[in-house]
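Structural overview for review
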Amino acid sequence: MRRQVPLIITLIVGAVLIIAAFIPHHPFGRLGENFSLYFDIIAVFAFLLGGGNLVRIHGARFLRGVRTSVQEAKKGGGFWPLKFLVEFPFFAFGGLEDKRGRDWFFSLITLAGFFAMLYAGLFKIGNPDGWQGNVTQPGGLFQEFYQSMFNPLQATMYALLAFFVASASYRAFRAKTLEATILLATAFIILLGRTPAGTYATDWLPSWLDFFHIPNLANWIMAVPNLAGQRAIMIGISLGVIAMSLRVILGVERTYLGADEK
Amino acid sequence: MNRADRLSSLLVALSPAILILALFPAFAIPQTTADTAAALVGPPQNVRVSDTKGDEGGSITVTWDLSPDDHGGADTATAIIGYEILRSESAAGPFQSVGFAPKGATRFADASTHDGVGYYYQVVASTAQGGAAAAPVGPVMSSAQWFNTNRTNVLVIGLLLSGSIIYYIASARRGKKLFIRRIAGLEAVQEAIGRATEMGRPILYIPGIQDMDDVQTVAGVTILGYVARTIAEYDTKIEVPTSRSIVMSTARETIKSAYIAAGRPDAYSDDAVHYVTDEQFGYVAAVDGIMVRDKPATCFYMGAFFAESLIMAETGNSIGAIQIAGTAMPAQLPFFVAACDYTLIGEELFAASAYLSNEPKQLGSLKGQDVGKSIAMLAIASGVILLTLHQVTRVEWFLRAGNWVKDLFLLN
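By convention here, each chain's residues receive numbers from 1 onward along its written sequence. Here chains are named by letter from A upward and ligands by number from 1 upward, in the order in which they appear as written. For a predicted model such as this one, the threshold for reporting local features is a pLDDT of at least 70, and the threshold for listing and counting side-chain atom pairs is 80 or more; totals across whole chains, interfaces and linings nevertheless cover every residue. Side-chain numbers here rest on the full set of heavy atoms in the structure, without hydrogens or water.

Side-chain rings of Phe, Tyr and Trp, where Trp is taken by its six-membered ring, are said to pair if the distance between their centres is within 6.5 Å; with planes under 30 degrees apart they count as stacked, over 60 as edge-to-face, and otherwise as tilted. In the structure shown here, the tally under the stated rule is 16 aromatic pairs over all chains. Ring centres of B:Tyr167 and B:Tyr168 lie 5.2 Å apart, and the angle between their planes is 75 degrees; this geometry places the pair in the edge-to-face category. Here the aromatic rings of B:Tyr301 and B:Phe305 are separated by 6.3 Å at their centres, their planes lie at 80 degrees, and the arrangement is edge-to-face. Neither B:Tyr301 nor B:Phe305 differs from the other in exposure class; each is buried. One aromatic cluster in this structure is built from A:Phe211, A:Phe212 and A:Trp220. Only protein chains enter the accessibility calculation, which uses a 1.4 Å probe; a residue whose area is less than 20% of its type maximum is buried, one above 50% is exposed, and one in between is partly exposed.

A word on the pairing of strand 6 (residues 119-127) of chain B. Residues and elements named next belong to chain B. Counting buried residues along strand 6, nine of its nine residues qualify, which places the element largely inside the surrounding structure. Side chains Tyr119, Tyr121, Val123, Ala125 and Thr127 of strand 6 all project onto a buried face; the interleaved residues Tyr120, Gln122, Val124 and Ser126 project onto the opposite face, where all are buried too. Only when DSSP finds a minimum of two bridges between them are two strands counted as paired. Here a strand is any run of E in DSSP of at least two residues, a helix any run of H or I of at least four, and the numbering for each starts at the N terminus. Across eight bridges, strand 3 (residues 80-88) lies against strand 6 in antiparallel orientation. Counted as the bridge partner of Ser88 is Tyr120 from strand 6. The pairing of strand 6 with strand 8 (residues 137-140) spans two bridges and is classified as antiparallel. Across the sheet, the residue bridging to Tyr119 is Val140, located in strand 8. Turn length for the strand 6-strand 7 (residues 130-133) hairpin, with the two strands adjacent in sequence and antiparallel, is two residues.

Here we come to the sheet that holds strand 1 (residues 45-51) of chain B. All names here are of chain B. Read across the open sheet, the three strands follow the order 1-2-5; overall the sheet is antiparallel. The outermost strands of the open sheet, each flanked by one partner alone, are strand 1 and strand 5 (107-110). Each neighbouring strand pair of the sheet contributes to a mean axis angle of 15 degrees, computed without reference to strand direction. Both strand 2 (residues 60-65) and strand 5 contribute to a ladder of four bridges, which runs antiparallel. Each bridged residue has a counterpart across the sheet, and for Thr61 the counterpart in strand 5 is Ala109. Axis definition: a line fitted to C-alpha atoms, limited for helices to the stretch in contact. Angles are taken between N-to-C directions and run from 0 to 180 degrees.

Before going further, it helps to spend a moment on the interface of chain B and chain A. We call two residues in contact when some of their heavy atoms are within 4.5 Å. Counting residues at the interface gives 76 residues for chain B, matched by 59 residues for chain A. Any carboxyl oxygen of Asp or Glu that lies within 4 Å of a side-chain nitrogen of Lys or Arg is treated as forming a salt bridge with it. One can count three salt bridges joining chain B with chain A. The partner of B:Asp271 in a salt bridge is A:Arg56, with the nearest N and O atoms 2.8 Å apart. Polar contacts, as used here, are pairs of N or O atoms within 3.5 Å; protein pairs need one atom able to donate a hydrogen and one able to accept it. Residues neighboring in sequence count only if both atoms are side-chain atoms. Our enumeration of links across chain B and chain A arrives at 14 residue pairs in polar contact (both at pLDDT 80 or more). Ranked by residue count, the leading element in the side of chain B that touches chain A is helix 6 (residues 245-261) of chain B, at ten residues. For this classification, the nonpolar set comprises Ala, Val, Leu, Ile, Met, Phe, Trp, Tyr, Cys and Pro, the charged set comprises Asp, Glu, Lys and Arg, and every other residue, Gly included, is treated as polar. For the side of chain B that touches chain A, the per-class residue count stands at 39 nonpolar, 20 polar and 17 charged.

Moving on: the environment of B:Pro241. Among the structural elements, B:Pro241 can be located in strand 10 (residues 238-242). Between the C-alpha atoms of B:Pro241 and B:Leu204, which are 37 residues apart in sequence, the distance is 8.1 Å.

The next thing to look at is the confidence of the model for chain B. All names here are of chain B. Scored by pLDDT, chain B has a mean of 84; 88% of the residues are at 70 or more. Per residue, pLDDT captures the predictor's confidence, and it can take any value from 0 to 100. Here residues 18-36 is modelled with pLDDT under 50, and outside its nearest four sequence neighbours on either side it reaches eight contacts, counting other chains as well. For this predicted complex, the interface score ipTM comes out at 0.86, alongside a pTM of 0.81.

What follows deals with helix 5 (residues 215-234) of chain B. All names here are of chain B. Expected helix span is taken as 1.5 Å per residue step, with the number of steps being one fewer than the number of residues. Here helix 5 is 20 residues long and its end C-alpha atoms lie 29 Å apart, about the 28 Å a rise of 1.5 Å per residue gives. Burial of helix 5 is extensive: 16 of the 20 residues sit out of reach of the surface. Among the residues of helix 5, the N-terminal cap falls to Asp214, whose side-chain oxygen and the backbone nitrogen of Gln216 are separated by 2.8 Å. Looking one or two places after helix 5, you find Asp235, whose phi comes out positive at around 60 degrees.

Our focus in this paragraph is the pattern of salt bridges. A full pass over the atoms with the stated rule returns twelve salt bridges over all chains. The partner of A:Arg30 in a salt bridge is B:Glu56, with the nearest N and O atoms 2.7 Å apart. Of this pair, A:Arg30 sits in the loop between helix 1 (4-20) and helix 2 (31-75) while B:Glu56 sits in the loop between strand 1 and strand 2, each in a different chain. The salt bridge partner of A:Arg171 is B:Glu314, with a shortest N-O separation of 2.4 Å. Note that A:Arg171 is positioned in helix 5 (residues 141-172) and B:Glu314 in helix 8 (residues 308-318), a pairing that runs across two chains.

Bringing the nonpolar core into the picture now. All names here are of chain B. Counting 52 residues, the largest nonpolar core has Tyr205, Val227, Ile238, Ile255, Phe300 and Met302 as the members making the most contacts within it. Among the elements that take part in this core, helix 5 stands out by supplying nine residues, more than any other. Look past the residues within four positions of Val227 in its chain and what remains in contact with it is Val189, Ile193, Tyr205 and Phe300. With 28 residues, the next largest nonpolar core counts Tyr301, Ile311, Ala325 and Phe336 among its residues. Residues grouped as a nonpolar core are buried Ala, Val, Leu, Ile, Met, Phe, Trp, Tyr and Cys residues, joined through side-chain atoms within 4.5 Å.

Glancing now at the side chain of B:Thr52. Checked against the element boundaries, B:Thr52 lands in the loop between strand 1 and strand 2. Every residue in contact with B:Thr52, bar those within four places of it in the chain, is listed here: B:Ser59, B:Ile60, B:Thr61 and B:Gln145.

Moving on, we come to the packing of helix 5 of chain A against helix 7 (residues 280-294) of chain B. Where helix 5 of chain A contacts helix 7 of chain B, the axes come no closer than 9 Å and their chain directions differ by 65 degrees. In this structure, helix 5 of chain A meets helix 7 of chain B at a crossing whose hand is left-handed. The residues of helix 7 of chain B that touch helix 5 of chain A, namely those facing A:Gln154, A:Met157 and A:Tyr158, are B:Phe281, B:Val284, B:Ala285 and B:Asp288. Its residues assigned to classes, the contact of helix 5 of chain A with helix 7 of chain B shows five nonpolar, one polar and one charged. Handedness of a crossing is defined here by the sense of rotation of the near helix relative to the far one, left-handed for an anticlockwise turn of less than a right angle and right-handed for a clockwise turn.

So this is what it looks like as C-alpha cells:
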C-alpha cells in the first residue's frame, strides 16, 4: 500500500499534466504552473529537513572532534586545557588519527555560517525598513554577509574552473587516438578562428579559397558538424525523457519510490 | 471709395484673422504632424484581427502587411520606427494604445482583452513626427479553446511514440527477446564497485544539483538504486551528498530499499545520504572536500549538472578515482568526456536504469525509443532530399514539402 498510493498519484498527475499540455481552457491551462507551485511549497518544508540534517551531521562531527581532541590532550598528563589550546590547530585541521573526528573545525565553520545567516535573515538584522523590508534589502546584515562573504567565495570556486579547463583540455587533446587527434585539430582551428591571429594567418588566401580562411572554417565547424552532433544528442535526450517519463507514469519504473512495507 | 479700395480695406480689416488662420496649423502640432507623417509614409496594409489560437482566452492577435515605407528611412524624421496598436470597444473610438511593435514586425498579440467583449483595432505606422493610421477593423472577441491546434503535430508524434513504447513493453511482457546494444559505461559499474571494495574505500555518488522535478534527477536516483544494491552485496561504503532536501529523502528511501532487497537492512545507515546546500558552488566546495579527505575509489555523477561538472570531475581525477558520469546537459558532456573514464551521453542516462535492471518491461521501453529515432531519421533524410532537390531544380513544390517536414517537428 505504501507504494500503491504514490504510484496512483503519479499516474493521475502525470496523465492530467500531459492532457493539460494540449488543453489551454480553464482549469487545465494553468495546471502545470499550479503543480510547480505545489512542488515549491513541499520543497520549503523539505528545506527544514535539509537544514536539520546539516546541523545534525556537522554538530555530531564537531562534538566528536572536540571530544577526541580533549582526550588526546589529556593523554600526556599535565595541564590539559593549555595543551589543548596549543595543539588546537593540529587537531582542528586533520591532525587526528581518528578519521571520523578529523577536520571538525570545518564543521564548526559550517555551523557558524549557517546560524549566522539564519539569524541575520530570520530577524532581518540591520534592515533599513526593519521587519517590513525585504530580507535581501541593501544595508541589512543578511545582504552584507551575502555580498561580502558568500559572493566572493562563490566567485573563487567558479574561478577554479579556468584551471580545470586547462588541465582537462591537456589530457583530452593528447593525440593518442584518431578521435583525439581530430578533436585536437578541430579545437585548434576553433581557438585560432576566434582570435585575430586566425584572421591574419590566412588573410592572403584568394577569394575562391575563402572557405579555408580560418575564421570561416571555425564558423563552419560550429554551425554544421558541431550543431548536427548537438541536435542528434538532443533528439536522443528528448526520446529518452519521453520513455523515462512513461515508465515512471505507468509504474514500470519504481526504484525511486524506495522500500515497500514488509 | 471705389470697389478696389473697398476690397483693400476689407483685406486690411481681416488681415489679423487671416494671419491667425494661416498660423493656426503651426500651433495644432499633433494633428498637423500626423497629417504630415501620413502624407510622407503609407499606413500599414491589410490589417486583420482574430482570436489568438490555442490559448486560454484573454488574447487577440493583430496582423498586418508592412507599410510600403517600412524599408525606407534615410530621413530620420519621417522614418517608420514601429507600429502602434490602438484598441477601442467602438468603431468610432476613442482608441487607446495597447502596445507597440518594432519596425518590420507584422504581428502583435494583445493579451489584455476580456473574453466575450467585441474590440476594434487600428494599427498606426509611427514616425518621429506622428503616425499614419490604417482604417479600424473589427469587432473581434477573444475566447478560450478546448484544444491547442498548434500542438497537433506534437500530439500525433507523442501518440506514435507512446504507442510504440507501450507496444514493446507489452511484447517484452509476453516474453519476446529484445536485443539491446552494449553500453560501456554501464558495463563498467560492477567493475568500479568491485575496485572500491578491493581498495577498502568508499564510493561517492552525486545525483546532480537539480530537484526531483527534473527527470534527470529521477534517472540519477533510479541508477543509485541499482548501484546501492550491488554495494550492499559487496559491503562497500557509499556516500551521497545532495544539494536538495527532497533528493536526500528520496535517495535515502532508494538506498534503504536496495539494502533490504540485498538482505542486509542492518548495514544501512541514514548518514550515507546527507544534505549539503542548495547553492551550486557551496555544494561543489563540500563535494571536493569530501573527495580530497576520503579519497573515494569510485565517483558516480548521474543527473543534471552545470558549471560544477568539470570542477568535480577534475578533482575526482586528481585523487585517482574511477569515474562514471551521465547527464543530459549537452554543454557539460564534453567536460565529462574529457575528465571521466566513462560517460553516459544523453539518452544513455535514461536507458541506464532499464539496462541495469534487465527487466523485460523496462527494456521494452528502450525498443520503443528506437521507433522514435527511426521517425527522426526518416524526417531528416526526407527534409535534406527535398531541400537539395529544390536547390537543384528550383521547383517550388520541393521547398514547400521540405518546410512542411520541418514544421512537423516544430514545438508550439
